[in-house]
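If you want the building blocks of each chain, they are given just below.
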Amino acid sequence: MALFDFYKIAEGYISKQILKSCMSLKTLVAGDFKIEYWDNEKSKDVLLLLHGFGASAKFQWYKQLPAFAADYRVIMPNLIGFGNTNSISTARFDLQDQVELIAQLIKKLQLNKVSIVGISYGGLVAAEYARQNRDTIKSLILVDAPVKYFSQTHILHICSCYQVDSIIEFFAPKDHFMLRKQLKAAHYRLPPIPDFVLKIFHRELCLPHLTEWAALMKSLYSNIKYYGEKEYSFSFPTLLIWGEHDELVPVNIAEQLIKHIPQSVLKVISKTRHMPNLEKAGEFNKEVLLFLNGLKR
């Protein structure tokens, strides 16, 4: 078996899960953006899934699609710097550019009220979009997201804990050794992965986007204080889901957020780290659907 087949098998499996959920890959131009996204186009309430760093949307949300796509119109865009989504006229890597991209997508698809689930970096994009476009939001779900209370102190802790020189180096991994550190941060129990397999995944998933990821993280790093000053006094229901042992965005950030965001509730998933949606997909999906279905009553 060719070494490259390890990636092809994994990518093929994930693609099959997406197709089973009747998701189709689409591309549209809206404003200054070419946006790649998945959509099942159902005539149901809209659920928008926003991914974080590490890989494109389908690699981060494939375990949610069978549960969510049955009762919701699921839209899963790739953010700037991921997949084939990009800005058209000039390079744009600020968080506000991601917010504008989501606004343009919602406008172009003529969506009314949407529920948004955002994990990690995608959670901060979701929170900022919701803050700036409150009238389009039905509900908000933030998952291990560096919202408001994430600070320079947390960045220094990550660099120390994972022995990296900078947060940019951590989130734009230059080699498979750095990718392994990122995976360890994401998983409470990381399955053993041989180096040669990691090299393949680094080459296929990371190398094509390292320049963009570094630019995105550099912009975010320089604006941490700015986003920490924002107020998220939402009037719509908000669910926070956190990994109990997250070392990147620790659960005490969520505990501060529930005091800051009215109508918010917190669910902590035990024995998970930064990606509870992948580590305990069944429990994660149940909590999301209980929350969303409760809004229909």
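Located above this text is the structure these notes cover.
Structure report, in brief. As the structure is a computational prediction, the values presented were derived from the model and not from experiment. (Residues numbered from 1 in each chain as written. Predicted model: local features only at pLDDT ≥ 70, side-chain atom pairs only at ≥ 80, totals over all residues. Heavy atoms only, no water.)

**Thoughts on the pairing of strand E7 (residues 137-143)**
The buried count for E7 comes to six of seven residues, which makes it a mostly enclosed element. Of the pairings in the sheet, the one linking strand E6 (residues 114-119) to E7 comprises six bridges and is parallel in character. In the sheet register, Ile 116 faces E7, and the bridge partner there is Leu 140. Judged from the four bridges that link them, E7 and strand E8 (residues 238-243) form a sheet pairing that is parallel. Its bridge partner being in E8, Ile 141 is matched across the sheet by Leu 239. (Buried < 20%, exposed > 50% of the residue type's maximum accessible area, 1.4 Å probe, protein only. Helix = DSSP H or I, 4+ residues; strand = E, 2+ residues; numbered from the N terminus. Pairing = 2+ DSSP bridges.)

**Section: the packing of helix H1 (residues 5-20) against helix H9 (residues 195-206)**
H9 packs onto H1 with a crossing angle of 65° between their chain directions and a minimal axis gap of 9 Å. Once H1 is placed against H9, the crossing between them reads as right-handed. Each of Phe 6, Tyr 7 and Ala 10 in H1 lies in contact with H9, whose residues at this interface are Phe 196, Val 197, Ile 200, Phe 201, Glu 204 and Leu 205. Residue composition of the contact of H1 with H9, grouped by class: eight nonpolar, no polar and one charged. (Axes fitted to C-alpha atoms, helices over the stretch in contact; angles between N-to-C directions. Left-handed = near helix turned anticlockwise from the far one by under 90°. Contact = heavy atoms within 4.5 Å. Nonpolar A, V, L, I, M, F, W, Y, C, P; charged D, E, K, R; others polar.)

**Focus: helix H8 (residues 176-186)**
Since the α-helix packs 3.6 residues into each turn, any two residues three or four apart lie on the same face. Here H8 has its buried residues at His 176, Met 178, Leu 179, Arg 180, Gln 182, Ala 185 and Ala 186. Looking at the packing, one finds that the buried side of H8 touches helix H7 (167-171), H9 and helix H13 (276-279). Its side-chain oxygen placed 3.1 Å from the backbone nitrogen of Phe 177, Asp 175 serves as the N-cap of H8. (Polar contact = N/O pair within 3.5 Å; in protein donor to acceptor, adjacent residues only side chain to side chain.)

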